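Breakdown of the fold
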Amino acid sequence: MTVTLGDPVVEELRGILGHDHVLTGKADRLNRTRVPAPFPVHRWAERMPDLVVLPSSTEEVAEVLRLAHAHRIPVVPRDGGTGLTDGAVPLRGGIVVDVKRINQIKEIDLENRTCTVGTGINALKLNEVLSRHGLLYPDDPASYPCSLVGGRIGTSGWSLIGSRYGHTRDLVLSFDHVLPTGRVIHVGDGIGRKITKSSSGYQLKHLFMGHQGTLGIATEATLKLFPKPEAEFSPFWAFDDYDTAYRTVGQLARAGVATFAGAVLFDEWKVAYLRRDDEAYIPQPASVKALVCAALYGYEDEVRAGGGRLMRIARSMGARYLGDEISQGDWAARHDRYATPLHGRTRSGQVVPMSWHCEDAAINYTNLPAVRLAWHEIADRLRRASDVFDDWGMFAYTNGATGADYLTEIDIGIWEQRLDDAAWAAWVAAKRDLAAVALAHGGSISACHGSCREGEVDLVPEELGGGFDVMLAIKRAIDPHNIMNPGKYLLDRAYSDAYPDPDGAP
Amino acid sequence: MPDPEKRFAEEWRDAAYNCFSSGHKFCREVCPVMQVTRNESWSPTAFHANVVAMEQGSLEVSDVAADYVNCTGCGACELRCPNSLFTGDFYRFRTRTVDLVKGVRSLAVRQGVHQPGWQRWNELTAERTHEPVADGVSQERVRDWAQGLDLTVGGETILFVDCEAAFYRPSVPRSVARVLELAGYKFGLMNEQWCCGGPAAEMGYEDQARRFAEHNLADWRAAGVRRVLVLDPHDYITFTEDYPKYFGESFDIEVVLVVELLAALIREGRLVPHLPVERTVTYHDPCRLNKRKGIWQEPREVLRAIPGLTFHDVDRVSQWSYCSGAGGGLAVEKPELTAKISEMRMGKAAELGVDTLVTACPWAERPLTAAGEARSIGVVDLHELLAESLGVAP
Ligand SMILES: Cc1cc2nc3c(=O)[nH]c(=O)nc-3n(C[C@H](O)[C@H](O)[C@H](O)COP(=O)(O)OP(=O)(O)OC[C@H]3O[C@@H](n4cnc5c(N)ncnc54)[C@H](O)[C@@H]3O)c2cc1C
Ligand code: SF4
Ligand code: SF4
């Protein structure tokens, strides 16, 4: 289903949005297909939308969707365009609805400690304003400087300090959501915008988060705020082996320290990657093979006490504290250390600009070591096959303060300039293998980015089982003409004859 | 023979891929144009990605030339880019969005793709050898600002006064001249001063920029000039970056930024600001000083030396995302965008509860003053403020 947009539609859209906010230029469209995850540059043109619209309000989004629904035109929501699973990349042309202009701060409610914003806003920018009120919106992904609230909702993202404050799904209280038909609903707990717990009806909030734009477009969100932490403590520890580091992370997470915001475990490949000429990384002796960091946020007195306890635990495990200066610097650099293409290396050691690709999964603590070995083996296979790939190591981030499951990611450098069909196919196969490892270990194939990209998406029905059939039924009910981000998440199956009957009999 | 786009893409290939392969757009929220338009086609990322598309043959310069208007050349994106921040020092690498934008603009002009405002502006500038910043601008009036100051022409050190200041803000160069006189610092004026050529270079009219540069350098040489004082941050960029590029090693003129000189004179006790200036101020870091040249301390030194001022500073890193919108020719082609950016900048000043925004860039002053009127915040030039405190106001 490829749609070519006739002029009448363009004119109608211009009528809705004004001339300047309907973009048809080639560069406008090419640049709305790009996300940071590597993609086959030689096939860039295949992913072009027919046009791009820049609405400024919920009503404008609703009108665009009504029009698209009437004409059966594919619609792809795009916010920061930093998603790593191609969610915002159009597969069938159509209209990209770029919501960045919907970025106003509508209300800051100091009493109930919430704020209401347009979903085109960035959390870093929002926090610049909130900090004047002593408040913080603590959704803190590594993409903090560039991802936007709508995309966080669209992916149901992961916050690096989520063990303390919760992740996007906890922090977004409610939002206005435009359904594929153009109808506007408000989803959240109960009828209120600022209610945090309700038991009425189905819990629709989660349904309308993390759907990668396949169920509509969130336009205005009410967010939970916290007092801006008075103190932050982020110790980094060095280890001579992965195993000790791994055991330390578990101890830290299970300690149940209230101000504990998260812990991160870096394996030896990651340490080697960070050592590559990175000015922010103060050289460590070669014996350092793994790193652990913990972050605590809160009032001065409670952070000091909690920090003391974590320091004692780490020391008892044989950790070597790297000192305040390194710790603070490395934690402060947490948003900027990814995606430095100059860290790419061919096997002979030649520096080449490589794109960063991060394959993520949610894995139980106990399965981390096994998954790690299996994943590096896959990366190694890629690297042996071609200089296009490099292994940039693994991170594991705690999720909740219980330490039950971890966001586990392996970072692969990809020399995008050299991608061709063969290398791309090898990459897609590797992604499928990485996902299969996660499932084989009782994990989920994604903890934050979603899993609708070529490769891992094939395993989604397997991961969800009967849940996937429910997904198909919901998709068809909410989006009868399959206009919302068609082709993603294998949801086209909802419209085929072989579509399984939600009553049970497939 | 490859076509010009191909050649351009080859030249910029690695830089473009360094960005394309990151593609994360950390630069985006500091970009002033992006902040007010939210149009991703006008972001540093897109500026680089387009080169990749050109290399593939999917775009021609005529498809994108108008997009490249939307840049003030502020340099914020370059600083904010993790590629500059983290691996930059090691590889001697800085993301070079500003040069890339200039490069595409001049590629466009060479291919006969013009932006109407810029084309007109450069024609008038060629005609008058000065930028058309005000009516009646002409070569004969280039030294009008100095009337009654009794300044000589020529000498080892001269003061170069940019078009905007010379014709539109004469009190700025007058203040500078009087302050330097007070300190006993010897300098003269240029014999036949033409526009520095910087704006022409920024708008893509490279031949004209070079022609002006050649004229000015010849004029300096003829008068035995060894040192050029500049009060305008834009000229400072032109003389320290463009001229060495044009003339290579043979460019042996010392370029001195007046603010740095004044800070040194205050430090040495040769200037002692003593008259209190009772104002509550904040300081606007001109993009070309703070972000492009790393000069942010000296202007603050000067401000802190002035008695009576209540100074609400905003640290220089926060100011990476501030811009007046006046640079890079944006005001000529898209004055409405410049106005929006200035309003945004003024909004930040208003949050601090100041009555005055201090600038150190003549070009920023016009749009900022307009934006300040709505908020009853005055805009004052740093040099003028210093002159006032020294009792030599023009
Ligand atoms: C350097 C880097 C680090 C990263 N680190 C993290 C991390 O720590 N944690 C994490 O979770 N992610 C991380 N990511 C991934 C990415 O930032 C997140 O997926 C983010 O949530 C995407 O937000 P966005 O605004 O860029 O959305 P986009 O990429 O524009 O969109 C993401 C998805 O949401 C849909 N969508 C966009 N807007 C809406 C809307 N208004 N309503 C409904 N659907 C919408 C899109 O169609 C798409 O499917 C990282 C990315 C980069 C580049
Ligand atoms: S300029 Fe730098 S920060 Fe911006 S997208 Fe390119 S690499 Fe990223
Ligand atoms: S130089 Fe300034 S205006 Fe130009 S792209 Fe970079 S941040 Fe934007």
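What you see is a predicted model, and the numbers here were worked out from it, not measured in a lab. (Residues numbered from 1 in each chain as written. Chains lettered and ligands numbered in written order. Predicted model: local features only at pLDDT ≥ 70, side-chain atom pairs only at ≥ 80, totals over all residues. Heavy atoms only, no water.)

Within chain B one finds 21 helices and eight strands. Its C-alpha radius of gyration of 21 Å places chain B within 12% of the 21 Å reference for a compact globule of 394 residues. The principal-axis extent of the C-alpha atoms belonging to chain B is close to 60 × 50 × 45 Å. Looking at chain B as a whole, 66% of its 394 residues are labelled buried. (Helix = DSSP H or I, 4+ residues; strand = E, 2+ residues; numbered from the N terminus. Rg over C-alpha atoms; globule rule 2.2 N^0.38 Å. Buried < 20%, exposed > 50% of the residue type's maximum accessible area, 1.4 Å probe, protein only.)

A few words on unusual backbone geometry. For A:Tyr489, which is not glycine, the phi dihedral falls at a positive 55°. The class of A:Tyr489 is buried, set by a relative accessible area of 8%. Its identity as a non-glycine residue notwithstanding, B:Thr129 has a phi of 55°, on the positive side. Within the element layout of this structure, B:Thr129 appears in the loop between helix H9 (116-128) and strand S1 (157-160). For B:Thr129, a relative accessible area of 11% gives the class buried.

Evaluated as defined, the whole model comprises 27 aromatic pairs over all chains. With a centroid separation of 6.3 Å and an interplanar angle of 70°, the aromatic rings of A:Tyr165 and A:Tyr297 are classed as edge-to-face. Taken together, the residues span a long stretch of sequence, with A:Tyr165 in helix H6 (residues 162-165) and A:Tyr297 in strand S15 (residues 290-298) at a distance of 132 residues. Like A:Tyr297, A:Tyr165 is buried. Through pairs of rings, three or more aromatic residues link up here, namely B:Phe160, B:Trp220, B:Phe239, B:Tyr243, B:Tyr246, B:Phe247 and B:Phe251. The ring centre of A:Tyr242 lies 3.6 Å from the NZ or CZ of A:Arg372, which sits over that ring. Over the face of the ring belonging to B:Tyr168 we find B:Arg366, whose NZ or CZ atom lies 3.4 Å from the ring centre. (Phe/Tyr/Trp six-rings, centres within 6.5 Å; stacked < 30°, edge-to-face > 60°. Lys NZ or Arg CZ within 6 Å of the ring centre and 35° of its normal.)

Moving on, we get to the sheet that holds strand S2 (residues 188-189) of chain B. Residues and elements named next belong to chain B. The strand order across the open sheet built from four strands is S2-S1-S3-S4, with neighbouring strands paired in parallel fashion. Sheet topology places S2 and strand S4 (254-257) at the edges, where each strand pairs with a single neighbour. Judged from the four bridges that link them, strand S3 (residues 227-230) and S4 form a sheet pairing that is parallel. Bridged to Leu229 within S4 is Val256. (Pairing = 2+ DSSP bridges.)

Residue and element names in this part refer to chain B. Two numbers describe how helix H17 (residues 297-305) lies on helix H21 (residues 382-389): the axes approach to 10 Å, and their chain directions differ by 30°. As far as their axial angle goes, H21 and H17 are roughly parallel. Along this stretch, H17 crosses H21, giving a crossing that reads as left-handed. Across the interface between the two elements, Pro299, Val302 and Leu303 of H17 pack against Leu382, Leu385 and Leu386 of H21. For the contact of H17 with H21, the class distribution of residues is six nonpolar, no polar and no charged. (Axes fitted to C-alpha atoms, helices over the stretch in contact; angles between N-to-C directions. Parallel < 35°, antiparallel > 145°, perpendicular 65-115°, else oblique. Left-handed = near helix turned anticlockwise from the far one by under 90°. Contact = heavy atoms within 4.5 Å. Nonpolar A, V, L, I, M, F, W, Y, C, P; charged D, E, K, R; others polar.)

Here we come to the pattern of salt bridges. Per the counting criterion, the structure on display carries 61 salt bridges over all chains. Here A:Arg43 ties to A:Glu46 by a salt bridge, and the two come within 3.3 Å at their closest N and O atoms. On the accessibility criterion, A:Arg43 (22% relative accessible area) is partly exposed. Residues A:Arg383 and A:Asp390 are paired through a salt bridge, measuring 3.3 Å at the closest nitrogen-oxygen approach. Classification of A:Arg383 as buried rests on a relative accessible area of 16%. Look at the salt bridges and you will find they share partners, linking A:Arg32, A:Arg78, A:Asp98, A:Lys100, B:Lys25, B:Arg28, B:Glu29, B:Arg38 and B:Glu40 into a network. (Salt bridge = Lys/Arg side-chain N within 4 Å of Asp/Glu carboxyl O.)

Before going further, it helps to spend a moment on helix H11 (residues 300-316) of chain A. An α-helix turns once every 3.6 residues. As a result, residues three or four positions apart point the same way. All names here are of chain A. Taking 1.5 Å of rise per residue, the 17 residues of H11 would be expected to cover 24 Å, and the 24 Å separating its terminal C-alpha atoms lies within 8% of that figure. Three or more residues of H11 are buried, namely Val303, Gly306, Gly307, Leu310, Met311, Ile313 and Ala314. All buried residues of H11 project into a common sector of 160° when viewed along the axis, lining one side. What points out from H11, more than 90 degrees from its buried face, is the exposed set Asp301, Arg304, Ala305, Arg312, Arg315 and Ser316. Those residues of H11 that are buried are in contact with strand S12 (231-233), strand S13 (236-239), helix H9 (242-254), strand S14 (260-266), S15 and strand S16 (320-321). Just past H11, the residue Gly318 takes up positive phi, approximately 95°. (Expected span 1.5 Å × (residues − 1). Arc of directions from axis to C-beta.)

Attention shifts here to the site of ligand 2. Ligand 2 sits among B:Cys19, B:Ser22, B:His24, B:Lys25, B:Phe26, B:Cys27, B:Thr45, B:Cys81, B:Pro82, B:Asn83 and B:Thr95. Among the residues making up the shell around ligand 2, the classes are represented as five nonpolar, five polar and one charged. (Near = heavy atom within 4 Å.)

Residues and elements named next belong to chain B. Buried residues dominate helix H15 (residues 258-267), accounting for eight of its ten residues. All of the buried residues along H15 are Val258, Val259, Leu261, Leu262, Ala263, Ala264, Leu265 and Ile266. The secondary structure elements touched by the buried residues of H15 are S1, helix H11 (171-182), S3, S4, H17 and H21. Backbone geometry just downstream of H15 places Gly269 in the positive-phi region, at approximately 80°.

A few words now on the side chain of A:Asp109. Examined against the element boundaries, A:Asp109 turns out to sit in strand S5 (residues 105-109). Setting aside residues no more than four positions away along its own chain, A:Asp109 makes contact with A:Thr114 and A:Lys194.

What follows deals with the interface of chain B and chain A. With 43 residues of chain B at the interface, the matching set in chain A holds 55 residues. Interface area, chain B with chain A, both sides summed: about 3,900 Å², of which 54% is carbon and sulfur. For chain B, the biggest contributors to the area lost against chain A are B:Phe20, B:Arg38 and B:Phe86; these three give 19% of the whole. Across the chain B-chain A interface, the total number found is four salt bridges. The residue A:Arg78 makes a salt bridge to B:Glu40 at a minimum N-O spacing of 3.1 Å. The interface formed by chain B and chain A holds 19 residue pairs in polar contact (both at pLDDT 80 or more) in total. When contributions to the side of chain B that touches chain A are tallied by element, the ones reaching two or more residues are helix H1 (4-20), helix H2 (32-37), helix H3 (44-55), helix H6 (82-85), helix H7 (88-91) and helix H19 (335-351) of chain B. Looking at the side of chain B that touches chain A, its residues break down into 16 nonpolar, 15 polar and twelve charged. (Buried area = accessible area lost by both parts, 1.4 Å probe. Polar contact = N/O pair within 3.5 Å; in protein donor to acceptor, adjacent residues only side chain to side chain.)

So, about the UniProt feature "domain: FAD-binding PCMH-type" (unreviewed entry) in chain A. Feature annotation in UniProt assigns "domain: FAD-binding PCMH-type" (unreviewed entry) to the following positions: residues 45-228 of chain A. In residues 45-228 of chain A, helix accounts for 22% and strand for 24%; the two terminal C-alpha atoms are 45 Å from one another. (UniProt positions renumbered as here; feature names shortened; annotations may be inferred.)

Attention shifts here to the state of the cysteines. Residue and element names in this part refer to chain A. Scanning all chains against the criterion turns up zero disulfides over all chains. For the unlinked cysteine Cys358, the closest cysteine sulfur is that of Cys448, found at 6.4 Å. We classify Cys358 as buried; its relative accessible area is 3%. (Disulfide = S-S within 2.5 Å.)

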